[in-house]
Structures are given as structure tokens and as C-alpha cells.
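Summary of the model geometry
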Amino acid sequence: MGSALVAGFINTGLVAPQDAIVSDLEQAQLDALVKRFPIKVAQDNREVVMSAGVVICAVKPAVVKTVLEEINPLVTTEHLLISVAAGIQLAYLEAHLPEGTPVIRAMPNVPALIGEGMTAIALGRFAGAVERELAEELFSSVGRVVTLPEGSMNAVTGLSGCGPAYIAIIIEALADGGVKMGLPRRIAVDLAVQTVLGTARMLQSGGSHPGQLKDMVSSPGGSTINGLHVLEKGGLRGLLISAVEAATIRSGEMQS
Ligand SMILES: NC(=O)c1ccc[n+]([C@@H]2O[C@H](COP(=O)([O-])OP(=O)(O)OC[C@H]3O[C@@H](n4cnc5c(N)ncnc54)[C@H](OP(=O)(O)O)[C@@H]3O)[C@@H](O)[C@H]2O)c1
């Protein structure tokens, strides 16, 4: 996720490569990034904090405490710390940083890797309009951004955070259906991917509500309504609702 963000910031011209500085325990990660962009590499996380105004913490949730303890003595109220760690709450981040540090919690999703992510951000107690605008601008470089109260973050995780996995198996299953009906695998996957992409783009363009689009495709006595009947009998809608619910609840259980 850290690499995806660096790529987004630089590819959109939001950050000049010479203004970006990264650290990572894994040298291979750093080598790969430097090969792509002429960014600066720090020896450790402290050097990042000394050089940068906006610090993005993109380590696994279990490592966040270690990183915050490491950088704490160097963080000032002039910094903005943005964490993308799933389940790590604003209060936790603020408690491990000097009083008054502006903090933002962000929940991106994996299509950020290709600039098509969906990120929700929540503001800490000391983050105001300026910090919000900055974070929205930064995450816009890897997709779309919405600012929400922190209480919505588990639901965001359950929907857009986990959603790419749900859609991936839906695409796989649609392709399997095509294969069962005699289509070559490669063609079936192409058809399924483009159908999901095209439908999403149509809905995103704001032309119609999902229900209207469904009605538009379902001609009386036709194929689509017969397919839809099977999906309704199998409880597809209920299953998807329950999947978001279960992932939201699990996300809440894992937070600290
Ligand atoms: N991937 C997603 O789709 C996604 C979506 C939303 C949020 N997130 C959040 O983004 C964060 C990163 O996820 P990821 O999938 O990108 O994980 P990742 O690939 O494991 O990246 C984390 C990187 O941080 C490095 N690291 C570990 N300890 C460090 C330390 N003390 N100082 C500096 N770097 C350190 C890791 O190195 P080592 O490998 O050597 O440990 C690794 O290269 C997580 O908190 C996750 O919850 C991810």
C-alpha cells in the first residue's frame, strides 16, 4: 500500500520525487521503489520524520506501536501523520504521539495499486480543514476519497476494504458459468471482467440507480429475468449484505 501511494503521488505530479522520502525494513522494497522513482531513501523512520511534513504510516497494524514509539520524540504539532493501518483507531494513534499532533486515519482498498482505489478518511482531534484537504488531495491520486466520522470505518472496511475480494469471486463465478456453457476460459473471464467494469462505470456516471439498470436489462419473459430469479432464489442479495455485516463486525473485533 505504501508503494501504491508513492506511485500515485508522483505519477499525478502531486509530489516531486525529490520531495518524497521513504523507509522500509525490507531493502528489496526500497530498491524496487527507487528503480521506479528518483525518491530519497531514509536509513530509518526517524529520518523520514525529520525530513517530511506529512508522514504516512503504512506498516501492518501489529507494527504501528513500534513505529510510533520510534518516531514519537521527533514528531511535532507541525507534522501531519496519516495511518492506513486497518483497525488502528485515532485515539490509539494520538495517544502514542505528542499532544496536539494532527492525525488522519485512512482506509484505502487494493485497486489503489492501479489508481482506482476507494479511500475513506477520518480526522483526528487536532486535524482541521487544511489537513483534511491535504489528505483528500493525496488519496485522490490513487482513486476516490470520502471523509467520514471514524465510527464508519469498520463498515467501510467491510464494504470497500474487503469488497475487491467479493467482486473477484463474483467475476470468477460468472466466468465459470460461461465455461460451463461452453465458452473458452480466457473469453469467459474477459466477458465477466468487462461486464462488471462497464456496469460499474455506468452506475458511477450517475445515469441510473442500480435497480433502474436492472429493470432496463430485464425484458418481459426474457433471459435476464430468468437469471435474476435464480439469483434471488439463492439469496445472493442477502448473502452480500451478510458478508459486509460479518466483515464489519470482524473489523470491529480486531481494532485497537
Ligand atoms: N493492502 C491493502 O489492500 C490495504 C488496504 C487498506 C489498508 N491497508 C493497510 O496498509 C498497511 C500496509 O499493508 P500492506 O498490505 O501494504 O503490507 P506490507 O506489504 O507488509 O507492507 C508493509 C511494509 O512495512 C515494512 N515494515 C515493517 N516494519 C517496519 C518498520 N518498523 N519500519 C518501517 N517499515 C516497516 C514491511 O517490511 P517487512 O516485510 O520486512 O516486514 C513491509 O515492506 C496495513 O496496516 C494494512 O492494514 C492495506
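What you are looking at is a predicted structure, and each value in this text was computed from that prediction instead of being measured.

Regular strands place their side chains on alternate faces of the sheet. Going residue by residue along strand β4 (residues 80-83), you find L80 and I82 tucked away on one face and L81 and S83 tucked away on the opposite face as well. As judged from the four bridges shared by strand β3 (residues 54-57) and β4, these two strands associate in the parallel manner. Note on β4: the bridge partner recorded for V54 is L80. Following the backbone out of β3, through helix α4 (residues 64-71) and into the adjacent parallel β4, one traces a crossover that is right-handed.

Here we come to the layout of surface pockets. The space that makes up the largest pocket amounts to roughly 2,600 Å³. Forming the walls of the largest pocket are 46 residues, and the residues nearest its centre are I167, V196, T199, A200 and L203. Of all the secondary structure elements, the ones that give two or more residues to the lining of the largest pocket are β6 (117-123), β7 (143-147), α7 (153-161), α8 (163-180), α9 (185-204), α10 (210-217), α11 (223-233) and α12 (236-254). Top contributing element to the lining of the largest pocket by residue count: α8, with 10 residues.

For the pair α7 and α12, the least separation of the axes is 8 Å and the interaxial angle reads 135 degrees. By the angle class used here, α7 and α12 are oblique. Here α7 and α12 pass one another in a crossing that is right-handed. Two secondary-structure elements touch here, α7 through N154, A155, T157, G158 and L159 and α12 through V244, A247, T248, S251 and G252.

What follows is about the site of the ligand. Close to the ligand lie 18 residues; M1, D24, E26, N45 and V59 are nearest. The contact in question runs from an oxygen atom of the ligand to an N or O atom on the side chain of D24, over 2.8 Å. Contacts to the ligand include V59, whose backbone N or O atom sits 2.5 Å from an oxygen atom. Summarising the interface, the protein chains cover 74% of the accessible area of the ligand, which totals 880 Å² for the free molecule.

The subject of this paragraph is the pairing of β7. As judged from the five bridges shared by β6 and β7, these two strands associate in the parallel manner. Note that in β7 the partner of G117 across the bridge is G143. With helix α6 (residues 129-140) bridging β6 and the parallel β7, this β-α-β connection has right-handed handedness.

This part takes up the domain arrangement of the protein. For the protein, the assigned domains read domain 1 (2-156) and domain 2 (163-253). Averaged C-alpha coordinates put domain 1 and domain 2 at centres separated by 33 Å. Overall, the association of domain 1 and domain 2 removes approximately 470 Å² of surface from exposure, summing both partners, and the carbon and sulfur fraction of that is 52%. Per-residue buried area on domain 1 facing domain 2 is highest for R144, N154 and A155; these three make up 66% of the total on that side.

Structurally, S83 can be placed in strand β4. For S83, a relative accessible area of 0% translates into the label buried. Here the side chain of S83 touches A85 through a polar contact of 3.2 Å, landing on its backbone nitrogen. Not counting the four nearest positions on each side in its chain, S83 is found in contact with C57, L93, I104, R105 and A106.

A word on the environment of I121. As for its position among the elements, I121 is in strand β6. Expressed as a C-alpha distance, the spacing of I121 and A42, which sit 79 residues apart in the sequence, is 27 Å. If we ignore the near neighbours within four places in the chain, the residues touching I121 are I104, R105, A106, R132, A135, E136, F139, V145, V146, T147, L148 and M153.

This part covers α4. In an α-helix, one turn spans 3.6 residues; hence positions three or four apart end up facing the same way. Inspection of α4 places V64, V67, L68 and I71 among the buried residues, and these make up the whole buried set. Summarising the axial view, the buried residues of α4 lie within an arc of 100 degrees, below the 170-degree limit, and thus occupy one face. Where the residues of α4 are buried, they touch α3 (45-51), β3, β4 and α5 (90-95).

With that out of the way, let us pick up the pattern of salt bridges. Taken as a whole, this structure holds nine salt bridges when the rule is applied. The salt bridge partner of R105 is E150, with a shortest N-O separation of 2.8 Å. Residue R105 is found in strand β5 (residues 103-107), and its partner E150 is found in the loop between β7 and α7; the two are separated by 45 residues along the sequence. The class of R105 is buried, set by a relative accessible area of 4%. A relative accessible area of 24% places E150 in the partly exposed class. Between E253 and R250 there is a salt bridge; the shortest N-O distance is 3.0 Å. Separated by three residues within a single helix, E253 and R250 lie in helix α12, roughly one turn from each other. By relative accessible area, R250 is classed as partly exposed at 44%.

Rules and cut-offs
Residues numbered from 1 in each chain as written. Predicted model: local features only at pLDDT ≥ 70, side-chain atom pairs only at ≥ 80, totals over all residues. Heavy atoms only, no water. Buried < 20%, exposed > 50% of the residue type's maximum accessible area, 1.4 Å probe, protein only. Helix = DSSP H or I, 4+ residues; strand = E, 2+ residues; numbered from the N terminus. Pairing = 2+ DSSP bridges. Right-handed = clockwise from strand over helix to strand, strands pointing away. 1 Å grid on protein atoms, 1.4 Å probe; cavity = no way out; pocket = protein on both sides within 12 Å on 5 of 7 lines; lining within 4 Å. Points joined across faces, edges and corners; volume = space filled by probe spheres on them. Axes fitted to C-alpha atoms, helices over the stretch in contact; angles between N-to-C directions. Parallel < 35°, antiparallel > 145°, perpendicular 65-115°, else oblique. Left-handed = near helix turned anticlockwise from the far one by under 90°. Contact = heavy atoms within 4.5 Å. Near = heavy atom within 4 Å. Polar contact = N/O pair within 3.5 Å; in protein donor to acceptor, adjacent residues only side chain to side chain. Areas by Shrake-Rupley, 256 points an atom, 1.4 Å probe, with all protein chains shown as cover. Domains from an automatic or database assignment. Buried area = accessible area lost by both parts, 1.4 Å probe. Arc of directions from axis to C-beta. Salt bridge = Lys/Arg side-chain N within 4 Å of Asp/Glu carboxyl O.

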